[in-house]
Number of protein chains: 2
Amino acid sequence: MHYADRLEAALEAVGHPCLIGIDPHLDALPEEFAIARDPKAPRSERARALGDFGCAVVELFAGRVAAVKPQSAFFELFGADGALAWERTVRAARAAGLIVIGDVKRGDIDSTARAYAHGLLEGAHACDAVTVNPLLGEDSITPFLEACARAEAGLYVLVRTSNRGSALFQQHGTPPLYQKIADAVVAWGSASLGACGLSNVGAVVGATHPAELSDLRARMPRTPLLLPGYGAQGAGAAEVAGGFLAGGRGALVNSSRGILFAYRDPRHAGLHWKDAALRALDAMKGEITAALRASAR
Amino acid sequence: MHYADRLEAALEAVGHPCLIGIDPHLDALPEEFAIARDPKAPRSERARALGDFGCAVVELFAGRVAAVKPQSAFFELFGADGALAWERTVRAARAAGLIVIGDVKRGDIDSTARAYAHGLLEGAHACDAVTVNPLLGEDSITPFLEACARAEAGLYVLVRTSNRGSALFQQHGTPPLYQKIADAVVAWGSASLGACGLSNVGAVVGATHPAELSDLRARMPRTPLLLPGYGAQGAGAAEVAGGFLAGGRGALVNSSRGILFAYRDPRHAGLHWKDAALRALDAMKGEITAALRASAR
């Protein structure tokens, strides 16, 4: 089934747009995975603990969220052993019925991009979608579009990232670069609309820039958005509301540290990390649902 | 030793600026590595053939070139097995005294970039330098700068890529984005000059844009350049000459397919792939040395 249709159906089933970012920061991992941060432990055991954590997160959230977004960097930290842990996490998530958005931010020229696209979207451990960096231009995106068409997969192109320093290049020029990227995203996705009316070519837009987010939502009316920046990075539910289409459709709101490591928050003192994570998800769901209701009025 | 000093010494020792890109395109691999393109072979065996090829390239060029640039995408195609082949290639190259520039084009925010930088530049299978994508801004580069300082490693920031579609975003605005990125590269590298006068923060500038290359060389007088686009992508020796400092210093000229797969060129018909590759390197050395001499006149 077309990526956007699958995603919309999964969001409908769980009734909220929260996306769990699987970012296994070594320093923040719960105690039972502490071997991952032990520099004296063999790399294979450290990486295995990352995979165990990834699979535990998958098991905890299966049926509770539509999608998860593992972050490749934390797995790559352990090289080939980390890649095994990544594959185990991706496989577990897909087997559990979760949509997997691989946060890899790749971008390279033609034949190189083809190798990335094939490995990430069509291999035995493929993701349902990946994030890509568009700096190299259209010919760096085309191989991903082709792989998406073959594999019924999705893409999220970086348009406006959530970090503080993002303005330096992304706001360069008149109109700002991010608008030009947004227009390209619309063009790249125009040939691949699902039955739900949305494209399989999405965009990453940080919720930390609420005015730009509303503008970009209007500029890309058929583009699924992935909104980072909620929670640990500072954006609240009111800020993300502008990223949605009517009816609360068309966007995923990511939270990584704010959910997975909620057990470190004094408000959840004494809770097991899983219980803290579930409470944090409930709070996030409540806040976002209320903000969407308020913005619909 | 400071990255730029090591690089300049290695270039001095071999007497030419040719960089071998290790891009194991499945379709082009010599027959003895054909299992890599057999979809029915186990992934581990296909990946092992990539590593065998990478190590054979290293053995062939050790002592003959200053540096090699393995391209991560072709290894990642085989997931965790490919990562093992990558690590084997990187280790073999460093053991053979070659400088290893990992072509990974990573770019992500703060803590994520730290994980990439640490894994790629400080791990057991670390590269001497990596390529990075600056679209996310300064806070995405800082963790790499910090890792470079700790590991005496280098960085090559994408400034103007060699592909046809690169103008779409890289030339956006007035001044064009790539100039703004170049100015940032100068600033990021200004605190880390080696004894040779060059920084450990380099730039990737496609030789396929000769006018811009000369302009960027002048704009970044202390920045080591990595020049892709020679050979298979269409740029000749005259085009790359503008990327050098006086005395033929300060730049590496990359060739991947044009060297590794020279055995497929009718001019080298009947030669073993290694002999064809060495002839192609000799031809490239001759052309570039002559062009540098001509431009020095």
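For the structure itself, consult the block above.
As the structure is a prediction and not an experimental result, all values here were calculated from the model. The residue numbers shown here count from 1 along each chain, following its written sequence. The order in which chains are written sets their letters, starting at A; the order in which ligands are written sets their numbers, starting at 1. Two thresholds apply to this predicted model, a pLDDT of at least 70 for residue-level local features and 80 or more for giving and counting side-chain atom pairs, whereas whole-chain, interface and lining totals are computed over all residues. Computation of side-chain values: all heavy atoms of the structure, hydrogens and water removed.

**Some words on the pairing of strand β2 (residues 67–70) of chain A**
Side-chain direction in a regular strand flips from residue to residue, so the side chains alternate between the two faces of the sheet. Residues and elements named next belong to chain A. Residue alternation in β2 divides its side chains into two sets, Ala67 and Lys69 and Val68 and Pro70, and both sets are buried. Note that strand β1 (residues 18–22) and β2 share 4 bridges and pair parallel. Paired with Leu19 across the strands is Ala67, a residue of β2. Assignment of crossover handedness uses the view with strands pointing away from the viewer, where a clockwise path from the first strand over the helix to the second indicates a right-handed crossover. Think of it this way: any DSSP run of H or I at least four residues long counts as a helix, any run of E at least two long counts as a strand, and we number them from the N terminus. Handedness of the crossover joining β1 and β2 through helix α2 (residues 43–61): right-handed. In this structure, β2 lies alongside strand β3 (residues 99–106), joined through 2 bridges in parallel fashion. Pairing of Val68 across the sheet is with Val100, part of β3. Burial classes: relative accessible area under 20% of the type maximum marks a residue as buried, over 50% as exposed, and values in between as partly exposed (1.4 Å probe, protein chains only). Pairing between strands is defined by DSSP: at least two bridges between the two strands are required.

**Examining the sheet that holds strand β2 (residues 67–70) of chain B**
Spatially, 8 strands are ordered β1-β2-β3-β4-β5-β6-β7-β8 (chain B) in a closed barrel, and the strand pairing comes out parallel. Averaged over neighbouring strand pairs, the angle between their axes works out to 30° when direction is ignored. The convention used is that axes are lines fitted to C-alpha atoms, helices contributing only their stretch in contact, and that angles between N-to-C directions extend from 0 to 180 degrees.

**Thoughts on the side chain of Glu87 of chain B**
Note on placement: Glu87 of chain B falls in helix α4 (residues 79–95). Overall, the relative accessible area of 4% leaves Glu87 of chain B in the buried class.

**Focus on the interface of chain A and chain B**
Reports of interface size often rely on the accessible area that becomes lost once the parts have come together. Taken together, the contacts link 57 residues of chain A with 57 residues of chain B. By convention, the term buried area covers the 1.4 Å-probe accessible surface removed from two parts as they join, with the contributions of both added. Counting each side, the surface lost to burial between chain A and chain B is near 4,500 Å², with a carbon and sulfur contribution of 61%. Of all residues in chain A, the largest losses of buried area upon contact with chain B belong to Leu135, Phe169 and His172 of chain A, amounting jointly to 18% of the total for that side. Salt bridges are defined by distance alone: a side-chain nitrogen of Lys or Arg within 4 Å of a carboxyl oxygen of Asp or Glu. Taken together, chain A and chain B are joined by 6 salt bridges. Note that Lys105 of chain B and Asp108 of chain A form a salt bridge whose closest N and O atoms lie 2.9 Å from each other. Of all the elements in the fold, those that place two or more residues in the side of chain A that touches chain B are α3 (72–76), α4 (79–95), β3, α5 (110–121), α6 (138–151), α7 (167–170) and α8 (177–189) of chain A. If one sorts the elements of the side of chain A that touches chain B by residue count, α5 of chain A sits on top with 7 residues. In this analysis, two residues are considered to be in contact whenever any of their non-hydrogen atoms come within 4.5 Å of each other.

**What to know about the environment of Ala28 of chain A**
All names here are of chain A. Here Ala28 is to be found in the loop between β1 and α2. Among the residues examined, Ala28 registers a relative accessible area of 6% and is labelled buried. With 250 residues separating them along the chain, Ala28 and Leu278 place their C-alpha atoms 17 Å apart. Setting aside residues no more than four positions away along its own chain, Ala28 makes contact with Arg37, Phe261, Tyr263 and Arg264.

**Things to note about α8 of chain A**
Its 13 residues give α8 of chain A an end-to-end C-alpha distance of 18 Å, which sits within 8% of 18 Å, the value for a rise of 1.5 Å per residue. By the burial criterion, the buried members of α8 of chain A are Leu177, Tyr178, Gln179, Ile181, Ala182, Ala184, Val185, Trp188 and Gly189 of chain A. Residue count minus one, scaled by 1.5 Å, sets the expected span of a helix.

**Let's talk about the relation of the copies chain A and chain B**
At an RMSD of 0.0 Å, chain A and chain B line up after a rotation of 180° and a shift of 0.0 Å along the axis. The transformation relating the two chain copies, once decomposed into turn and shift, fits a two-fold axis. If distances are taken from each C-alpha of chain A to the rotation axis, the shortest is found for Gly173 of chain A, at 2.0 Å. Most of the interface of chain A is mirrored in chain B, where 100% of its interface residues are also at the interface. To line up the copies, we fit them by least squares on C-alpha atoms, keeping just the residues with pLDDT of at least 70 in both.

**Some words on the sheet that holds β1 of chain A**
Residues and elements named next belong to chain A. The sheet built from 8 strands closes into a barrel, its strands ordered β1-β2-β3-β4-β5-β6-β7-β8 with parallel pairing. Taken over all neighbouring pairs, the strand axes of this sheet differ in orientation by 30° on average, direction set aside. Where strand β5 (residues 154–160) and strand β6 (residues 201–205) come together, 5 bridges link them in parallel fashion. Across the sheet, Leu158 pairs through a bridge with Val204, a residue of β6. Against the sheet, α4 makes contact with β1, β2 and β3, and its axis sits at roughly 145° relative to β3, the strand it touches most.

**What to know about the packing of aromatic side chains**
For Phe, Tyr and Trp, rings pair up if their centres lie within 6.5 Å, where Trp contributes its six-membered ring, and each pair is then called stacked (planes under 30 degrees apart), edge-to-face (over 60) or tilted (otherwise). Scanning the entire structure with this criterion turns up 14 aromatic pairs over all chains. Relative to Phe53 of chain A, the ring of Phe33 of chain A lies with its centre 5.2 Å away and its plane at 75°, an arrangement referred to as edge-to-face. In this pair, Phe33 of chain A sits in the loop between β1 and α2 while Phe53 of chain A sits in helix α2, placing the two residues 20 residues apart along the sequence. In this structure Phe33 of chain A comes out as buried when scored by relative accessible area, which is 5%. With 5.6 Å between their ring centres and 75° between their planes, Phe75 of chain B and Trp86 of chain B make a pair best called edge-to-face. Pair noted here: Phe75 of chain B is in helix α3 (residues 72–76) and Trp86 of chain B is in helix α4, with a separation of 11 residues, a long-range link. Under the relative-accessibility criterion, Phe75 of chain B is labelled buried at 1%. Aromatic rings pair up to connect Phe33, Phe53, Phe261 and Trp273 of chain A into one cluster.

**Quick notes on the packing of α5 of chain A against α6 of chain A**
Residue and element names in this part refer to chain A. Axis separation between α5 and α6 bottoms out at 8 Å; the angle between their running directions is 30°. When the interaxial angle is binned, α5 and α6 end up roughly parallel. Along this stretch, α5 crosses α6, giving a crossing that reads as right-handed. The residues of α6 that touch α5, namely those facing Asp110, Ala113, Arg114, Tyr116, Ala117 and Leu121, are Asp139, Ser140, Pro143, Phe144, Ala147, Cys148 and Ala151. When residues are sorted by character, Ala, Val, Leu, Ile, Met, Phe, Trp, Tyr, Cys and Pro go into the nonpolar class, Asp, Glu, Lys and Arg into the charged class, and all the rest, Gly among them, into the polar class. Of the residues assigned to the contact of α5 with α6, the class counts are 9 nonpolar, 1 polar and 3 charged. Throughout, the term roughly parallel applies to angles under 35 degrees, roughly antiparallel to angles over 145, roughly perpendicular to angles from 65 to 115, and oblique to all others. The hand of a helix crossing depends on one turn: near helix anticlockwise from the far one by less than a right angle means left-handed, and clockwise means right-handed.

**Quick word on the nonpolar core**
Here, the term nonpolar core denotes a set of buried Ala, Val, Leu, Ile, Met, Phe, Trp, Tyr and Cys residues that are joined through side-chain atoms within 4.5 Å. Judged by nonpolar contacts, the single largest core of 211 residues is most densely connected at Phe61 of chain A together with Phe61 of chain B. Ignoring any residue separated from it by four or fewer positions in sequence, one finds Phe61 of chain A in contact with Ile20, Leu98, Ile259, Leu260, Ala277, Leu278 and Leu281 of chain A.

**Remarks on the packing of helix α2 (residues 43–61) of chain B against helix α12 (residues 273–296) of chain B**
Residue and element names in this part refer to chain B. Contact geometry for α2 and α12: axes closest at 11 Å, N-to-C directions at 50°. Taken together, the axes of α2 and α12 lie oblique to each other. By crossing handedness, the relation of α2 to α12 is classed as right-handed. Contacts from Phe53, Ala56, Val57, Leu60 and Phe61 in α2 reach Trp273, Lys274, Ala277, Leu278 and Leu281 in α12. Taken together, the residues of the contact of α2 with α12 break down into 9 nonpolar, no polar and 1 charged.

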